[in-house]
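Descriptive analysis of the structure
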Amino acid sequence: MDTAGKVIKCKAAVAWEPNKPLVIEKIEVAPPQANEVRIKIVATAVCHTDLYHLLENMNKDGFPTVLGHEAAGIVESVGPGVTDFEPGDKVIPLFLSQCRECRFCKSPKTNQCEKAWTVPHDAMAGPDSRITCKGKKVLQFVGTSTFSEYTVVREIALAKIDPTAPLDKVCLLGCGVCTGYGAAVNTAKVEPGSTCAVFGLGAIGLAAVMGCKAAGAKRIIAVDINPEKFEKAKVFGATEFVNPNDHNKPISQVIAQMTDGGVDYSLECVGNVEVMRNALESCLQAWGVSVIVGWTDLKDFSARPIQLIAGRTWKGSMFGGFKSRDGVPEMVKAYLDKKLKLDEFITHKMTLDQVNDAIELMKQGKCIRTVLSVSPQ
């Protein structure tokens, strides 16, 4: 393309400081350096992790930044040393890299990567950035920054996908759907005929419900304080619904009574330490597995040792246990083969200029996923 090697001036939503509306600005995106790829973002969704950084964590070291990490786009140009991508490729940027060379990438035990972006504690944005605005460096949120018409990511944090994939749908595989679905299938390893409970029915929780169903679970209990989400959960495979506000005793006791002592698997998809404990205690004490999926790093969690001594397993899941560059193209294929739902997650469609409206929808719990149209394909 004729922009290769040049600074691109384009539009982005900049978060100048915590807990303030994003501002649509003209930014400059530098050419990719060695082993980097510059991409045109076609579609990006708003994920709760964006809100967490903006409204909950609010570490000033992480600003100014361009948020956004659940997206899909097209390669505009590549930097020196890049061999796996070329202009025109359809791609999904990844907040979790896969270098395929480190001890983590070579191990089947984890999807972590030693070359993942490293940041100051809680800042969620590394020191390297190819974005500037009004003469100031703008940090790249989790190494991606997709609330922008163009961004630069490392080659090891990018997945090449099927060229026939609709980018405004498969963008959801950049975070939420893989995170929830994989937590059930890869991390919990839900077995056929089992009983599951999913706490929180946002996009990640609904994806976890879908994963439990795909794995053959017999009963899938959906737990949320918003009863409006129950009908949507049914679409993804939930068989029963519990609203903690309808009961005057701990939700773990309610679920234990429903399931003869507890579920085989529980998945916490909220990012709340109290819910994490409730999810653990909802498991059958002999062999129950509880997975922490919701993202937070603000508080400690706690449980009584007997909860684990008696036989429960408590584990965490990052990006659903998928090795990102390998797993995301496979999930795209599953969608194209009609083995995975994506369209059903999308409740609103907006433009990048409406990003603050999309954030407000998520704050109020009035959406599952809002997809923002960023650039024409």
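Residues numbered from 1 in each chain as written. Predicted model: local features only at pLDDT ≥ 70, side-chain atom pairs only at ≥ 80, totals over all residues. Heavy atoms only, no water.

Here is the rule we go by: UniProt positions are given in the numbering used here, feature names are shortened, and annotations may be inferred rather than shown by experiment.
By the naming in an unreviewed UniProt entry, the protein chain goes by Alcohol dehydrogenase 1 and is assigned to Lates calcarifer. Regarding the protein chain, the relevant UniProt record gives this comment under Cofactor (unreviewed entry): "Zn(2+)". Per UniProt, the comment on the protein chain under Sequence similarities (unreviewed entry) is "Belongs to the zinc-containing alcohol dehydrogenase family."

1. Re the overall build of the protein chain
Quick reminder of the rule: Every helix listed is a DSSP run of H or I at least four residues long, and every strand listed is a run of E at least two residues long, numbered separately from the N terminus. Think of it in three bands: with a 1.4 Å probe and only protein chains considered, a residue is buried below 20% of the maximum accessible area for its type, exposed above 50%, and partly exposed in between. Note on contacts: a residue pair is in contact if any heavy atoms of the two residues lie within 4.5 Å. Using the Shrake-Rupley algorithm and a 1.4 Å probe, accessible areas are obtained, with residue cover drawn only from the displayed protein chains. For the charge count, each Lys or Arg is scored as positive and each Asp or Glu as negative, with His and the chain ends excluded. To locate a charge, take NZ of a lysine, CZ of an arginine, CG of an aspartate or CD of a glutamate.
Helix and strand counts for the protein chain stand at ten helices and 18 strands. In terms of overall dimensions, the protein chain has a C-alpha envelope of 65 × 40 × 35 Å along the principal axes. Each of the 377 residues in the protein chain was classed as buried or not, and the buried ones make up 57%. Restricting to contacts in the protein chain with at least 6 residues of sequence separation, those with at least 24 account for 70%. Here the protein chain displays about 16000 Å² of accessible surface, and carbon together with sulfur accounts for 51% of that area. In the protein chain, 44 positive and 42 negative side-chain charges are present, and the distance between their average locations comes to 1 Å.

2. Describing the packing of helix α3 (residues 176-188) against helix α4 (residues 203-214)
Two quantities define a packed helix pair, namely the angle between the helix axes and the distance between the axes. Test applied: Geometry is summarised by axes, namely lines fitted to C-alpha atoms with helices restricted to the contacting stretch, and by angles between N-to-C directions that run from 0 to 180 degrees. By definition in this entry, angles of less than 35 degrees are roughly parallel, angles greater than 145 are roughly antiparallel, angles of 65 to 115 are roughly perpendicular, and the rest are oblique. Should the near helix be turned anticlockwise from the far one by less than a right angle, the crossing is termed left-handed; should it be turned clockwise, right-handed. Residues are grouped as follows: Ala, Val, Leu, Ile, Met, Phe, Trp, Tyr, Cys and Pro are nonpolar; Asp, Glu, Lys and Arg are charged; every other residue, Gly included, is polar.
In contact at an axis separation of 7 Å, α3 and α4 are set at 40 degrees when each is read in the N-to-C sense. Judged by the angle between their axes, α3 and α4 are oblique. Of the two elements, α3 crosses α4, and the hand of that crossing is right-handed. On α4, the residues that touch Gly176, Val177, Thr179, Gly180, Tyr181, Ala184 and Val185 of α3 are Ile204, Ala207, Ala208, Met210, Gly211, Cys212 and Ala214. For the contact of α3 with α4, the residue count by class is ten nonpolar, four polar and no charged.

3. Remarks on the side chain of serine 145
Stated precisely, the cut-off is as follows: Pairs of N or O atoms are called polar contacts if they sit within 3.5 Å, as long as, within protein, a hydrogen donor faces a hydrogen acceptor (for residues adjacent in sequence, only side-chain-to-side-chain pairs).
For serine 145, the position within the fold is in the loop between β8 (136-141) and β9 (150-154). According to the relative accessible area criterion, serine 145 is buried, its value standing at 0%. From its side chain, serine 145 meets the backbone oxygen of valine 66 in a polar contact 2.6 Å long.

4. A closer look at the environment of asparagine 272
Here asparagine 272 shows up in the loop between β14 (265-268) and α7 (273-281). Among the residues examined, asparagine 272 registers a relative accessible area of 31% and is labelled partly exposed. Residues asparagine 272 and isoleucine 292 lie 20 residues apart in sequence; the distance between their C-alpha atoms is 9.6 Å. A polar contact of 2.8 Å, which involves the side chain of asparagine 272, links it to the backbone nitrogen of glutamate 274.

5. Re the sheet that holds strand β11 (residues 195-199)
Rules: Pairing between two strands requires that DSSP report at least two bridges joining them.
Spatial strand order, β13-β12-β11-β14-β15-β16: six strands in an open sheet with parallel pairing. Looking at the sheet topology across the chains shown, the edges are occupied by β13 (240-242) and β16 (313-316). Put simply, the sheet's adjacent strands are angled 20 degrees from each other on average, direction ignored. Here β14 runs beside strand β15 (residues 289-292); their pairing, made up of four bridges, is parallel. Each bridged residue has a counterpart across the sheet, and for leucine 267 the counterpart in β15 is valine 291.

6. Concerning the nonpolar core
The criterion, for reference: Nonpolar cores are built from buried Ala, Val, Leu, Ile, Met, Phe, Trp, Tyr and Cys residues. Side-chain atoms within 4.5 Å join them into one set.
Formed by 109 residues in total, the largest nonpolar core has its most connected members in Phe147, Val170, Leu173, Leu267 and Phe345. With eight residues, α4 is the single largest residue contributor to this core. Here leucine 267 is in contact with Ala183, Ala184, Ala197, Val198, Phe199, Ala208, Cys212, Val291 and Val293, once residues within four sequence places are set aside. In this structure, Phe199, Ile221, Val223 and Val242 belong to the second largest nonpolar core, which totals twelve residues.

7. Quick look at α4
Applicable threshold: One fewer than the residue count of a helix, multiplied by 1.5 Å, yields its expected span.
Over its twelve residues, α4 extends 16 Å from the first C-alpha to the last, a length consistent with the 16 Å expected when each residue adds 1.5 Å. Of all twelve residues in α4, ten are buried, a share of seventy percent or more. Of all the positions in α4, only Ala203, Ile204, Gly205, Leu206, Ala207, Ala208, Val209, Met210, Gly211 and Cys212 are classed as buried. For α4, the secondary structure elements touched by its buried residues are α3, β11, β12 (219-223), α5 (230-236), β14 and β18 (369-373).

8. A look at the packing of helix α1 (residues 48-57) against helix α10 (residues 355-363)
At a minimum axis distance of 10 Å, the contact between α1 and α10 shows a crossing angle of 95 degrees. In terms of orientation, α1 lies roughly perpendicular with respect to α10. Where α1 approaches α10, its residues His48, Leu51, Leu54 and Leu55 are matched on the opposing element by Ile359, Met362 and Lys363.

9. Comments concerning unusual backbone geometry
The residue after phenylalanine 63, namely proline 64, is reached through a cis peptide bond having omega -10 degrees. Take proline 64: it is sitting in the loop between α1 and β4 (65-66). Despite not being glycine, arginine 100 has its phi angle at roughly 70 degrees, a positive value. Structurally, arginine 100 can be placed in the loop between β6 (90-93) and β7 (125-133). Even without glycine at this site, serine 145 takes up a positive phi of about 60 degrees.

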